[in-house]
Amino acid sequence: MIDETHDLKRRSWVASANGHGDFPIQNLPLGIFRPPGGSARGGVAIGDEILDLAQALDQGLFQDQAGEAAAAAAGPTLNPLLALGATARQALRRRLVELLDANGKDAAAHAARAARILHRAADCTLELPAAIGDYTDFYAGIHHALNVGRLFRPDNPLLPNYKHLPIAYHGRTSSIRPSGAAVRRPNGQRKRPEEETPSFGPCRNLDYELELGIWIGPGNADGTPIPIAEAPRHIAGLCLLNDWSARDIQAFEYQPLGPFLAKNFLTTLSPWLVTVEALAPFRCAPEPRDAGDPKLLAYLQDGADEKAGAFDITLEVLLNTSGLRAAGRPPQHLAQGTTRDLYWTVAQMVAHHTSGGCNLAAGDLFGSGTISGTARTALGSLLELTRGGREPLTLASGEQRGFLEDGDEVIFRAACHREGYASIGFGECRGTIHPSP
Ligand code: CA
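What this report covers is the structure whose coordinates are included nearby.

Cut-offs used in this document
Residues numbered from 1 in each chain as written. Predicted model: local features only at pLDDT ≥ 70, side-chain atom pairs only at ≥ 80, totals over all residues. Heavy atoms only, no water. Helix = DSSP H or I, 4+ residues; strand = E, 2+ residues; numbered from the N terminus. Contact = heavy atoms within 4.5 Å. Areas by Shrake-Rupley, 256 points an atom, 1.4 Å probe, with all protein chains shown as cover. Donors = N, O, S within 2.8 Å, 3.2 Å for Na, K, Ca; no water. Buried < 20%, exposed > 50% of the residue type's maximum accessible area, 1.4 Å probe, protein only. Phe/Tyr/Trp six-rings, centres within 6.5 Å; stacked < 30°, edge-to-face > 60°. Lys NZ or Arg CZ within 6 Å of the ring centre and 35° of its normal. 1 Å grid on protein atoms, 1.4 Å probe; cavity = no way out; pocket = protein on both sides within 12 Å on 5 of 7 lines; lining within 4 Å. Points joined across faces, edges and corners; volume = space filled by probe spheres on them. Pairing = 2+ DSSP bridges. Axes fitted to C-alpha atoms, helices over the stretch in contact; angles between N-to-C directions. Parallel < 35°, antiparallel > 145°, perpendicular 65-115°, else oblique. Nonpolar A, V, L, I, M, F, W, Y, C, P; charged D, E, K, R; others polar. Polar contact = N/O pair within 3.5 Å; in protein donor to acceptor, adjacent residues only side chain to side chain. Salt bridge = Lys/Arg side-chain N within 4 Å of Asp/Glu carboxyl O. Core = buried A, V, L, I, M, F, W, Y, C linked by side-chain atoms within 4.5 Å.

1. A few points about the overall build of the chain
The helix and strand tally for the chain stands at 12 helices and 27 strands. By its C-alpha atoms, the chain is 70 × 55 × 40 Å across when sized along the principal axes. The long-range fraction of contacts in the chain, counting pairs at least 24 apart against all pairs at least 6 apart in sequence, stands at 73%. Entry remark: accessible area of the chain is about 18,300 Å², with carbon and sulfur atoms responsible for 51%.

2. Looking at the coordination of the calcium ion
At this site the calcium ion is bound by Asp-137 (OD), Glu-209 (OE), Glu-211 (OE) and Asp-243 (OD), with donor distances of 2.2 to 2.5 Å. All donor residues of the calcium ion come from one chain, and their arrangement in sequence is D-x71-E-x1-E-x31-D. Here Asp-137 is found in strand β6 (residues 135-138), whereas its partner Asp-243 is found in the loop between β14 (235-242) and β15 (245-246), with 106 residues between them in sequence. The pair formed by Asp-137 and Asp-243 is uniform in burial state, with each residue classed as buried.

3. Observations regarding the packing of aromatic side chains
For the coordinates displayed, the defined rule picks out 6 aromatic pairs. Chaining the aromatic ring pairs together yields one cluster made of Tyr-139, Tyr-162, Tyr-343 and Trp-344. The ring of Phe-311 is capped by Arg-283, whose NZ or CZ atom sits 3.9 Å from the centre of that ring.

4. Section: the layout of surface pockets
Its boundaries defined by the atoms lining it, the largest pocket holds a volume of some 1,400 Å³. As for the largest pocket, its lining consists of 46 residues, and the residues nearest its centre are Val-148, Phe-152, Gln-250, Ala-251 and Tyr-254. Counting residues per element, the ones that place at least two in the lining of the largest pocket are β6, α7 (142-152), β7 (168-170) and α8 (247-253). Here the element with the most residues in the lining of the largest pocket is α7; it accounts for 6 residues.

5. Looking at unusual backbone geometry
For the peptide bond that leads from Gln-255 to Pro-256, omega is 5 degrees, which places it in the cis range. Inspection of the secondary structure assignment puts Pro-256 in the loop between α8 and β16 (267-269). At Asp-64, a residue that is not glycine, the phi angle is positive and equals roughly 55 degrees. With respect to the secondary-structure elements, Asp-64 resides in helix α2 (residues 64-73).

6. Some points on the sheet that holds strand β1 (residues 30-34)
Spatial strand order, β4-β3-β2-β1-β5: 5 strands in an open sheet with antiparallel pairing. Of all the strands in the sheet, the pair left with one neighbour each is β4 (118-120) and β5 (125-127). For this sheet the average axis-to-axis angle between neighbouring strands, irrespective of direction, equals 45 degrees. Relative to β5, β1 runs antiparallel, the two sharing 3 bridges. The residue of β5 that forms the bridge with Ile-32 is Glu-127.

7. Quick look at the packing of α2 against helix α4 (residues 86-100)
The contact between α2 and α4 brings their axes to 8 Å, and the two run at 100 degrees. When the axes of α2 and α4 are compared, the pair comes out roughly perpendicular. Here Gln-65, Ala-66, Ala-69 and Ala-70 of α2 come into contact with α4, specifically with Thr-87, Ala-88, Ala-91, Leu-92 and Arg-95. Split by residue class, the contact of α2 with α4 holds 6 nonpolar, 2 polar and 1 charged.

8. A few points about the side chain of Thr-354
Among the structural elements, Thr-354 can be located in helix α11 (residues 346-354). Given the relative accessible area of 0%, Thr-354 is considered buried. Polar contacts involving the side chain of Thr-354 include one to the main-chain amide nitrogen of Ile-226, which spans 2.9 Å. Beyond its immediate chain neighbours, meaning those up to four positions away, Thr-354 contacts Asn-220, Pro-225, Ile-226 and Leu-360.

9. Description of the pattern of salt bridges
Counted under the stated rule, the structure contains 25 salt bridges. A salt bridge links Glu-209 to Lys-263; the shortest N-O distance between them is 3.0 Å. Taken together, the residues Glu-209 in the loop between β12 (206-207) and β13 (210-216) and Lys-263 in the loop between α8 and β16 connect sequence positions 54 residues apart. Judged on exposure class, the residue Glu-209 and its partner Lys-263 are both buried. The salt bridge partner of Asp-408 is Arg-401, with a shortest N-O separation of 2.7 Å. Comparing Asp-408 with Arg-401 shows no difference in burial state: the two are buried.

10. Concerning α7
Counted residue by residue, α7 has 8 buried out of 11 residues, so it is predominantly covered. Those residues of α7 that fall on the buried side of the exposure criterion are Ile-142, His-143, His-144, Ala-145, Leu-146, Asn-147, Val-148 and Gly-149. Next to the buried residues of α7 lie α12 (382-385).

11. Re the environment of Ile-132
By secondary structure assignment, the location of Ile-132 is in the loop between β5 and β6. Each C-alpha atom of the pair Ile-132 and Thr-173 lies 6.4 Å from the other, and the pair is 41 residues apart in sequence.

12. Focus: α2
Taken together, the buried positions of α2 are Ala-66, Gly-67, Ala-69, Ala-70, Ala-72 and Ala-73. Next to the buried residues of α2 lie β2 (41-46), α1 (53-58), α3 (79-84) and α4.

13. Things to note about the nonpolar core
Counting residues in hydrophobic clusters, the biggest one holds 68 residues, and the most contacted among them are Tyr-208, Trp-244, Leu-279, Ile-313, Leu-334, Leu-404 and Phe-426. Setting aside anything within four residues of it in sequence, one finds Leu-334 in contact with Tyr-208, Val-317, Leu-318, Leu-319, Leu-382, Leu-385, Leu-393 and Leu-395. Within the second largest apolar cluster, 47 residues are counted, among which are Ala-17, Val-44, Ile-176 and Trp-215.

In structure tokens:
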């Protein structure tokens, strides 16, 4: 729901928040951070600062339901807050807006406390927002599925189940890391088409996948599916997700059970959970299904979801290399995608995931699947952009890239824009490739 917290005219006494590309007062994403010399705790990004929820509670700045929510978010993980659900998050958001508004009732008194309740974000370390119990990676980017399908099955790129249900596999949580974590090139069994037998060694075709991360709120008891109309209550917020992929290892190992070592070495997340409340102005209808698409079964159908179940978020991929750095050039823009290219909504993912009785828990994570568009400028992986490495990119430095080299840094960004509303962003999801161990 769009309300007074989204008011475009609202400004904060935290000066860096006003006009901030990612974190103006209309966003207020939640995360876990460590201030210098301090322990991990919950915080809220506001401009170039982080509001320390534990210290703000100590200052008596939260009461009632907002106080319960702030206390649930102030510890070393956001899981207790995610378990509380939307009403608690909304109360926290309304109170945060009051606290940080330049024209709020006690703005001068709050600003006078700034040194006690704010930390410079640049001095802090950001952690994962939650202890992730389970992680599921979907495959909802239909143009990615088509592009990859065409590489392997030119006549029949989309498998027959694709438009009937949101496909996914259960991923690995132990190797999910926040932005900035080192990306160690994995070793594994690789086999080029012309080789007779596989060899063990460093991945030769290391790739990224541009995805949306979806944070699950309260969850359900096992055996109790979440109906699609109730699914939005179980979606707390979004982040960026890089599903690093070892394409050569994947190609040899994936049949018949899907990716294993090709994906389980690392998944990187942007550290701020952008709440669904902050994203309310950027909801939109999913792209209409083609006339010939199969009719959806009832458990995947919902009127509200058909009206506003999708998100309008613009995603960007940048690459930095030693050559670009040496030439004094900025990271090179590789692609721009949009979450409107997802064939399935997050509510459909939740409804389908739980339809067989599987229980979701607060702090579970979904990946959307790689987000690609139809244009060459909107491809969310190098596999697509370089056609499996056969058509390498030439960078502004003159370097060529089929896949990632050691020392390369991949940067994802995301932003939401809509006329009449403050633009908000997600912060960055970064990772630099290190040589295999
Ligand atoms: Ca993926």
